[in-house]
Amino acid sequence: MEAVTASASSFNRYPDMACTALMAELSERFAVPASHVATGTGSVGVAQQLLQATAGPGDEVIYAWRSFEAYPIITRISGATPVQVPLTPGDVHDLDAMAEAITDRTRLIFVCNPNNPTGTVVRRAELERFLDRVPSDVLVVLDEAYREFIRDTEVPDGVELYRQRPNVCVLRTFSKAYGLAGLRVGFAIAHEPVAAALRKTAVPFGVSQIAQDAAIASLRAEDELIGRVGSLVCERNRVTDALRDQGWTVPETQANFVWLRLGSARCRSRRRASRRVWSSGRSPGRVCG
Ligand SMILES: *Cc1c(COP(=O)(O)O)cnc(C)c1O
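Values in this document were obtained by computation on a predicted structure and should not be read as measured data. (Residues numbered from 1 in each chain as written. Predicted model: local features only at pLDDT ≥ 70, side-chain atom pairs only at ≥ 80, totals over all residues. Heavy atoms only, no water.)

## A look at the overall build of the chain
Link 1 in the chain: Scanning the chain for helices and strands turns up 11 helices and seven strands.
Link 2 in the chain: In summary, the chain has a C-alpha radius of gyration of 21 Å against a globular reference of 19 Å for 289 residues, a match within 12%.
Link 3 in the chain: In terms of overall dimensions, the chain has C-alpha extents of about 65 × 50 × 40 Å along its principal axes.
Link 4 in the chain: Within the chain, the fraction of its 289 residues that count as buried is 47%.
Link 5 in the chain: Long-range contacts, defined here as pairs at least 24 residues apart, represent 66% of the contacts in the chain between residues at least 6 apart.
Link 6 in the chain: Element-wise, carbon and sulfur atoms account for 53% of the exposed surface of the chain, whose accessible area totals about 14,600 Å².
Link 7 in the chain: Each charge class in the chain can be summarised by its mean position, and for the 34 positive and 32 negative side chains these summaries are 11 Å apart. (Helix = DSSP H or I, 4+ residues; strand = E, 2+ residues; numbered from the N terminus. Rg over C-alpha atoms; globule rule 2.2 N^0.38 Å. Buried < 20%, exposed > 50% of the residue type's maximum accessible area, 1.4 Å probe, protein only. Contact = heavy atoms within 4.5 Å. Areas by Shrake-Rupley, 256 points an atom, 1.4 Å probe, with all protein chains shown as cover. Lys, Arg positive; Asp, Glu negative; His and termini not counted. Charge placed at Lys NZ, Arg CZ, Asp CG, Glu CD.)

Written out as structure tokens, the structure is:
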């Protein structure tokens, strides 16, 4: 908040277009070359740039479903065809099925780890086995928006996987654990051709100076981050246990939310309609279309 207030006094000026100070901070923190870091207007903004750079009409983009709701939207905006691979019955990415869905038209694959909205994770061995099956000219985007909340030690750090694999790109955000969602800043760590493509597709001056300054201040306030994330994880576990005690089926979550399986919207509207019938005594007619 202090960094934001200080920065706000100069919003008559354009921000640093290259996000130099933030890139330097990120490069040091993750021990990667600054040329391998690219910032954007939230990691959704960076994901959209990745699609802009890699995919267009006739190309295919693979991701799990249900997963992050932005994937189908930004894929269609790029003109590419979404290829949605259903989660396993346990609500986990079906990496074998995703590998089998690869064709010579596949350009990019999203792996959301932990997955939004189920909170489930893929672990090191299965993810490495999957990456071994992906052709080297297909970009695998490891979306780690909830990385800081992971407590399962078998979940690999995407940045370690990126080091050995030129076709792996890691997405991180300041919107979740860092609490800067409204400021719109996220970043990618990727090898040179990918990071360079991200710099070319960035909206000029997209990341405000307030966001850049706040992100740097947040990176330097790590103790507070660890404390905040720690108490959230305790609460997450308490809520998960309490829901299970009530009889809900809640998958193991490594994110900052729990997935309540309520059934499809169709079933819900049917239930609502039957409640209305119950209270009014009238027939609901056609409710599910
Ligand atoms: C929230 C979220 C993001 C990032 O959001 P931004 O605010 O655009 O950084 C990316 N991926 C997933 C899976 C998310 O849940």
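## Some words on the sheet that holds strand β2 (residues 60-65)
Link 1 in the chain: Pairing is mixed in the open sheet, where seven strands are placed in the order β1-β7-β6-β5-β4-β2-β3. Each edge of the open sheet is held by one strand with a lone partner, namely β1 (37-40) and β3 (81-86). Direction aside, the axes of adjacent strands within the sheet are offset by 25° on average.
Link 2 in the chain: Across the sheet, helix α3 (residues 42-54) lies against β1, β2, β4 (106-112), β5 (139-143), β6 (168-173) and β7 (186-189), angled at about 155° from β6, the strand it touches most.
Link 3 in the chain: Sheet strands touched by helix α8 (residues 192-201): β1, β5, β6 and β7. Its angle to β1, the strand with the most contacts, is close to 30°. (Pairing = 2+ DSSP bridges. Axes fitted to C-alpha atoms, helices over the stretch in contact; angles between N-to-C directions.)

## As for the environment of Val138
Link 1 in the chain: Looking at the element boundaries, Val138 is found in the loop between α6 (124-133) and β5.
Link 2 in the chain: A C-alpha to C-alpha distance of 26 Å links Val138 and Val185, two positions 47 residues apart in sequence.
Link 3 in the chain: When residues no more than four places from it in sequence are discounted, the contact partners of Val138 are Thr106, Arg107, Leu108, Ile109 and Asn167.

## Focus: the nonpolar core
Link 1 in the chain: One finds Leu22, Met98, Ile109, Val111, Leu127, Phe130 and Phe174 to be the most contacted residues of the largest nonpolar core, which totals 53 residues.
Link 2 in the chain: Looking at which element gives the most residues to this core, the answer is helix α9 (residues 209-220), with five residues.
Link 3 in the chain: Those residues in contact with Leu22, other than ones at most four positions away along the chain, are Thr39, Phe174, Val185, Gln212, Ala215, Ile216 and Leu219.
Link 4 in the chain: Counting 24 residues, the second-largest nonpolar core is a separate cluster that includes Ala38, Phe110, Leu139 and Leu198. (Core = buried A, V, L, I, M, F, W, Y, C linked by side-chain atoms within 4.5 Å.)

## Notes on the confidence of the model for the chain
Link 1 in the chain: Of the residues in the chain, 91% reach a pLDDT of 70 or more, and the chain-wide mean stands at 92.
Link 2 in the chain: Segment residues 274-289 is flagged for pLDDT under 50; beyond a separation of four residues in sequence, or across chains, it makes 13 contacts in the model. (pLDDT = per-residue confidence, 0-100.)

## Topic: the pattern of salt bridges
Link 1 in the chain: Inspection of the entire model under this criterion finds 14 salt bridges.
Link 2 in the chain: Put simply, Arg220 and Glu25 hold a salt bridge, and the shortest N to O gap is 2.8 Å. In this pair, Arg220 is assigned in helix α9 and Glu25 in helix α2 (residues 20-30), connecting sequence segments 195 residues apart.
Link 3 in the chain: The exposed category is assigned to Arg220, whose relative accessible area is 61%.
Link 4 in the chain: Residue Arg163 is joined to Glu160 by a salt bridge in which the shortest nitrogen-to-oxygen separation is 3.3 Å. Here the residue Arg163 and the residue Glu160 both occupy positions in helix α7 (residues 158-164), the gap between them amounting to three residues, near one helical turn.
Link 5 in the chain: With relative accessibility at 43%, the residue Glu160 sits in the partly exposed group.
Link 6 in the chain: Salt bridges sharing common partners tie together Asp96, Glu100 and Arg133. (Salt bridge = Lys/Arg side-chain N within 4 Å of Asp/Glu carboxyl O.)

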